[in-house]
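# Structure at a glance
One letter stands for each residue in the lines below.
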Amino acid sequence: MKNFNPADKIQDLQYFGEFGGVNPSISDSSTYTFLSAKTMFDTFEGNMEGCYLYSRHSSPSNLYLDQALAAMEGTETANVSASGMGAITPTLLQLCGTSDHIVSSRTIYGGTYAFLKNFTPRFGIETSFVDITKLDVVEAAITPKTKVLYCETVSNPLLEVADIAGLSKIAKKHNLKLVVDNTFSPLSVSPAKLGADIVIHSLTKYINGSSDTVGGVTCASKEFINSLKNVNSGASMLLGPTMDSLRSASVMKNLRTLHIRIKQHSHNAHVLADKFEKDGLKTVYPGLKSHPSHELYKTMINPEYGFGGMLTIDVGTLAKANELMELMQARNLGYLAVSLGFYKTLFSAPGTSTSSEIPLEEQHEMGLTDGLIRFSIGLDNDIERTYEMMKACMVELGIL
């Protein structure tokens, strides 16, 4: 990690538009023409570089973004998709088939949980959900049918930290693929450099950063990405979660400011987490010494990008959580909304929103309490002012 700075990799990329523009030209075509029938055949068979057949296969705009995101994560290549789930689901279906088994973190995005819990069993794929922070528990869950270890670098919504290097050793020992969703920690953590085989992002969140686009990406080896895009057996090719070229170009432009945004998100979140904890609120943030994985996370991150922009507080009850979020929204402190990475702060009660797919009894088992509020801290210029306004809301409602 010391010799790898993902922002530098993005900075070093230069693409010229076909007319000399500083932005690559957007390929606004669904299909492409050939001067030779043989070239079309060779392209369809995957034997022709630099030619395009149909935009579900690939397009120039998507390939530009593929290259940039692969550079960011330090993988050989990447494949963008129309949503984060459009990256997660084909990746796992490409790796697993009937009678295969996945060991997954128990605290993951609700959509991923629902896919593994409710959907993949239709194909004979079973999943064991475990406490990913306990490596002995992870290894004990592995069976002869296990093919994949799956986790999030920083889990949604409880902000548990996965020991990616430790998980990688287990994966290699048992000949498994380690798949890591790095959506919460772009630039801060580079999972491939810690031993992950495949790195996934929801581009919707920090990487795009303007809450106007959904998108996803799978970053991996050329061999795996080629298998995903194979015209006969590739899950991404056959399921068709293709990113639109205009959206791809939009994400590409926003990617260039990611390093600036992540630093500000992290700074603001750290300030608020420190103050909330000192006020006596139950606060979870990986940058706090009270976080059980704080010391581990310090060894994983690129320090200049900080500990991320996500934090949680627990205000006791769902009613109090809802009151507080509604009041903060009324005071223009942010939006009562799901997702993350926006310039304004976003807050939600995960148990009734992003993690609602997880049954209540399982939410309680993993520590997802009714009063938990997840914050995606924004790019506020004066975070002290923000804190004072948030504290005033909490005092008004009797939370503080």
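Our subject in this report is the structure included herewith. (Residues numbered from 1 in each chain as written. Predicted model: local features only at pLDDT ≥ 70, side-chain atom pairs only at ≥ 80, totals over all residues. Heavy atoms only, no water.)

## Quick look at the pairing of strand E3 (residues 126-130)
- Pairing analysis gives five bridges linking strand E2 (residues 101-105) to E3, with the strands arranged parallel. Within E3, the position partnered with Val 103 by the bridge is Ser 128.
- The handedness of the E2 to E3 crossover, carried by helix H5 (residues 110-119), is right-handed. (Pairing = 2+ DSSP bridges. Helix = DSSP H or I, 4+ residues; strand = E, 2+ residues; numbered from the N terminus. Right-handed = clockwise from strand over helix to strand, strands pointing away.)

## Notes on the sheet that holds E2
- Spatially, seven strands are ordered E1-E7-E6-E5-E4-E2-E3 in an open sheet, and the strand pairing comes out mixed. Only two strands of the sheet have a single neighbouring strand rather than two, namely strand E1 (77-81) and E3. Averaged over all pairs of adjacent strands, the angle between their axes in this sheet comes to 20°, without regard to strand direction.
- Bridge count between strand E4 (residues 146-152) and strand E5 (residues 177-181): five bridges; the pairing is parallel. Following the sheet pairing, Tyr 150 is matched in E5 by Val 179.
- Contacts from helix H3 (residues 60-73) reach E1, strand E6 (198-202) and strand E7 (216-220) within the one sheet, and its direction differs from that of E1 by about 125°. (Axes fitted to C-alpha atoms, helices over the stretch in contact; angles between N-to-C directions. Contact = heavy atoms within 4.5 Å.)

## Considerations on the packing of H3 against helix H10 (residues 245-255)
- Axis separation between H3 and H10 bottoms out at 8 Å; the angle between their running directions is 35°. Like other packed secondary-structure pairs, H3 and H10 cross with a definite hand, here left-handed. Within the contact between the two elements, H3 uses Ser 61, Asn 62, Tyr 64, Leu 65, Ala 68, Leu 69 and Met 72 and H10 uses Ser 245, Ser 248, Val 251, Met 252 and Leu 255.
- The residue makeup of the contact of H3 with H10, split by class, is eight nonpolar, four polar and no charged. (Left-handed = near helix turned anticlockwise from the far one by under 90°. Nonpolar A, V, L, I, M, F, W, Y, C, P; charged D, E, K, R; others polar.)

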